[in-house]
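Below are the chains, spelled out letter by letter.
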Amino acid sequence: MNEIIKNIIVVDDDGTLEGTFTSEIFPNDETQEMTVYIRNKSLMDYAEKCINHFNSMPDDMIDEICRRIIKNLQFIGADFELSEFENVRDILNYCWFTSMTVDVPEDDGISYIIEGEGEWGEVVGFVIKNGSISYVGDDYYN
């Protein structure tokens, strides 16, 4: 029985699965539960590896994601006032992450997309490729 991913259902005809997992690091606005989308059932073990990577992300990686969220927010010129932060992680008081997307890996490394929203009304997320930060911002599907 799967202990990491719960409430697994098939969401479309191509076999994409949806489930939930507990986020150990990044806060959510109401719960620690996040949705995970998995391309097909054969990727369940890989999806668990991605979740474990996400939940054990090193401090320097979390801080870098936070710095890039702040930088992107300034770049897009959002009509949103940022207060003075004592710590870069204070940005997490203004945004939250709700889902992980796991697709067929391009290589042997861990890769996934995290998506959420900011109080400034824009999508915010980041992409991990080969276990490293590949992108942080608002338009990572293009």
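The shown structure was predicted, so the numbers you read here are calculated from the model rather than taken from an experiment.

**Q** What is the right way to read the overall build of the chain from this model?
**A** Of regular secondary structure, the chain possesses two helices and seven strands. When the helices and strands of the chain are listed from N to C terminus, the series reads β-β-β-α-α-β-β-β-β. Counting the 142 residues in the chain, one finds 40% classified as buried. Of the contacts made within the chain by residues no fewer than 6 positions apart, 51% connect residues no fewer than 24 positions apart. Counting every atom, the chain has about 8,200 Å² of accessible surface; 44% of that belongs to carbon and sulfur.

**Q** Looking at this structure, I do not really get the pattern of salt bridges. What am I missing?
**A** Opposite charge on two side chains permits them to pair, given that their charged atoms come into close proximity. With the rule as written, the count across this model stands at six salt bridges. Arg39 is the salt-bridge partner of Asp103, the closest N and O atoms lying 3.8 Å from each other. Pair noted here: Asp103 is in the loop between β4 (95–102) and β5 (112–118) and Arg39 is in the loop between β3 (33–38) and α1 (44–55), with a separation of 64 residues, a long-range link. Shared partners join several salt bridges into a network, and the residues in it are Asp14, Arg39 and Asp103.

**Q** Just to check I follow, could you spell out the pairing of strand β1 (residues 6–10) for this structure?
**A** Bridge count between β1 and strand β2 (residues 17–22): three bridges; the pairing is antiparallel. Opposite Ile9, over in β2, you have Glu18 as the bridge partner.

**Q** Please clarify how the nonpolar core should be interpreted in this entry.
**A** Grouped burial of nonpolar side chains is what soluble globular proteins tend to show. Counting residues in hydrophobic clusters, the biggest one holds 37 residues, and the most contacted among them are Phe54, Met57, Met100, Tyr112 and Phe126. In terms of residues, this core owes the most to one element, helix α2 (residues 59–76), which gives seven residues. Aside from chain neighbours lying at most four places away, what touches Met57 is Ile25, Phe26, Ile62, Ile65, Tyr112, Phe126 and Ile128.

**Q** Mind showing me how you'd approach the sheet that holds β3 here?
**A** Note on sheets: strands pair through backbone hydrogen bonds, and any given pair is parallel or antiparallel. One open sheet holds the seven strands; their spatial order is β1-β2-β3-β4-β5-β6-β7, and the pairing between them is mixed. Each edge of the open sheet is held by one strand with a lone partner, namely β1 and β7 (132–137). This sheet shows a mean twist of 20° between the axes of neighbouring strands, independent of strand direction. Relative to β3, β2 runs antiparallel, the two sharing six bridges. Looking across to β3, one finds that Phe21 is bridged to Met34.

**Q** Honestly, unusual backbone geometry in this entry has me stumped. Any pointers?
**A** Outside of glycine, negative phi angles account for most residues, and trans bonds account for most peptide bonds. One non-glycine residue, Asn7, adopts positive backbone phi at about 55°. Summarising the element assignment, Asn7 is placed in strand β1. Taking relative accessible area as the criterion, Asn7 reaches 59% and is therefore assigned exposed. The phi dihedral of Asn130 falls on the positive side, at around 55°, and the residue is not glycine. With respect to the helices, strands and loops of the structure, Asn130 is situated in the loop between β6 (123–129) and β7.

**Q** Help me understand α1, please; the structure alone is not making it clear to me.
**A** Quick reminder: α-helices carry 3.6 residues per turn. Residues three or four places apart thus point the same way. The first and last C-alpha atoms of α1 sit 16 Å apart over twelve residues, in line with the 16 Å expected at 1.5 Å per residue. All of the buried residues in α1 are Met44, Tyr46, Ala47, Cys50, Ile51, His53, Phe54 and Asn55.

**Q** What am I meant to see in the packing of aromatic side chains here?
**A** Describing an aromatic ring pair means giving the distance of the ring centres and the angle of the ring planes. Considering all chains together, one arrives at four aromatic pairs under this definition. With a centroid separation of 6.3 Å and 85° between ring planes, the pair formed by Phe54 and Tyr112 is classed as edge-to-face. Remark: Tyr112 occurs in strand β5 and Phe54 occurs in helix α1; sequence separation between them is 58 residues. The pair formed by Phe54 and Tyr112 is uniform in burial state, with each residue classed as buried. On the numbers, 6.5 Å between centres and 20° between planes, the contact of Phe54 with Phe126 is stacked. In this pair, Phe54 sits in helix α1 while Phe126 sits in strand β6, placing the two residues 72 residues apart along the sequence. For the pair Phe54 and Phe126, a shared accessibility class is recorded, and that class is buried.

Calculation rules
Residues numbered from 1 in each chain as written. Predicted model: local features only at pLDDT ≥ 70, side-chain atom pairs only at ≥ 80, totals over all residues. Heavy atoms only, no water. Helix = DSSP H or I, 4+ residues; strand = E, 2+ residues; numbered from the N terminus. Buried < 20%, exposed > 50% of the residue type's maximum accessible area, 1.4 Å probe, protein only. Contact = heavy atoms within 4.5 Å. Areas by Shrake-Rupley, 256 points an atom, 1.4 Å probe, with all protein chains shown as cover. Salt bridge = Lys/Arg side-chain N within 4 Å of Asp/Glu carboxyl O. Pairing = 2+ DSSP bridges. Core = buried A, V, L, I, M, F, W, Y, C linked by side-chain atoms within 4.5 Å. Axes fitted to C-alpha atoms, helices over the stretch in contact; angles between N-to-C directions. Expected span 1.5 Å × (residues − 1). Phe/Tyr/Trp six-rings, centres within 6.5 Å; stacked < 30°, edge-to-face > 60°.

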